[in-house]
Amino acid sequence: MLSEEKIKKMIRLSDYENGQGSTDLKRVRYLKMDYVRLQVLKTVASVLLAFLLILGIVAVYNVDYILQNALALPLRKIALIGGGGVAAVCLVSIIVTCRIASKEYDESRSRAGEYEQTLHELMKIYDKEAQGQEETRL
């Protein structure tokens, strides 16, 4: 039997599942720390890949100078400065990613909690209807 309350809840659930809920429900399948770690891992991989690409571009641009002065270049100093810069950028990126991912997870968990509560209320309505139909059969 269709009721207005049941239809409203079903529409609300459907809207959530097809909209924001698609990402929220995927996100809350993880534990919070696992989700944050995954995002940090993606960030570190992206930063390192970007560093390697930039290093490659700079090397290609200055290939003439590098080949002419290969033995005279202070490689240790360049490596320390470059490594320190990458480490600093990685550290800042990790901190920002942790905060953003944690906030995203908390917001998703809150919305998913409302979704689960609405789903539970809908199941109660179905249970009441099923009990009512059993009583009318007897």
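What you are looking at is a predicted structure, and each value in this text was computed from that prediction instead of being measured. (Residues numbered from 1 in each chain as written. Predicted model: local features only at pLDDT ≥ 70, side-chain atom pairs only at ≥ 80, totals over all residues. Heavy atoms only, no water.)

*Asks:* Please provide a residue-by-residue account of the overall build of the protein, values included.
*Replies:* A count of helices and strands for the protein gives five helices and zero strands. Taken from the N to the C terminus, the helices and strands of the protein come in the order α-α-α-α-α. In terms of overall size, the protein is more extended than a compact globule, its C-alpha atoms giving a radius of gyration of 27 Å where 138 residues would be expected to give roughly 14 Å. The dimensions of the protein, computed from C-alpha atoms along their principal axes, are 95 × 25 × 20 Å. (Helix = DSSP H or I, 4+ residues; strand = E, 2+ residues; numbered from the N terminus. Rg over C-alpha atoms; globule rule 2.2 N^0.38 Å.)

*Asks:* Go over the pattern of salt bridges, please, and point to the residues and values.
*Replies:* Tallied over the entire structure, the rule returns eight salt bridges. With a closest N to O distance of 3.0 Å, Asp106 and Lys32 form a salt bridge. Of the two residues, Asp106 sits in helix α5 (residues 75-137) while Lys32 sits in helix α3 (residues 32-61), which places them 74 residues apart along the sequence. When its relative accessible area of 38% is taken as the criterion, Asp106 is described as partly exposed. By relative accessible area, which is 31% here, Lys32 ends up partly exposed. One continuous salt-bridge network, built from bridges that share partners, spans Asp24, Arg27 and Arg111. (Salt bridge = Lys/Arg side-chain N within 4 Å of Asp/Glu carboxyl O. Buried < 20%, exposed > 50% of the residue type's maximum accessible area, 1.4 Å probe, protein only.)

*Asks:* Hey, could you go over a nonpolar patch on the surface for me, with residue numbers and the actual values?
*Replies:* A cluster of nonpolar side chains, contributed by Met10, Leu119, Met123 and Tyr126, occupies part of the molecular surface with about 330 Å² of accessible area. Mapping Met123 onto the fold places it in helix α5. (Patch = residues over 30% accessible without salt bridge, like charges linked within 9 Å, V, L, I, M, F, W, Y side chains within 5 Å. Areas by Shrake-Rupley, 256 points an atom, 1.4 Å probe, with all protein chains shown as cover.)

*Asks:* Explain the nonpolar core to me, and be specific about the residues and the numbers.
*Replies:* By size, the foremost hydrophobic cluster in this structure holds eleven residues: Leu13, Tyr16, Val28, Tyr35, Val36, Val40, Ala101, Tyr105, Ala112, Tyr115 and Leu122. Of all the secondary-structure elements, those providing two or more residues to this core are α1 (4-18), α3 and α5. Leave out the neighbours within four places in its chain, and Ala101 touches Tyr35, Val36 and Gln39. (Core = buried A, V, L, I, M, F, W, Y, C linked by side-chain atoms within 4.5 Å. Contact = heavy atoms within 4.5 Å.)

*Asks:* Which residues make up α1, and what values go with them?
*Replies:* Given a rise of 1.5 Å per residue, 15 residues ought to cover 21 Å, and the 21 Å separating the end C-alpha atoms of α1 matches this to within 8%. Buried residues of α1: Lys6, Lys9, Leu13 and Tyr16, and no others. Down the axis of α1, the smallest arc covering the buried residues is 100 degrees, so these residues share one side. Across α1 from its buried face, at more than 90 degrees, point the exposed residues Glu4, Lys8, Asp15 and Asn18. (Expected span 1.5 Å × (residues − 1). Arc of directions from axis to C-beta.)

Keep in mind that these numbers describe shape and distance, not what the molecule does.
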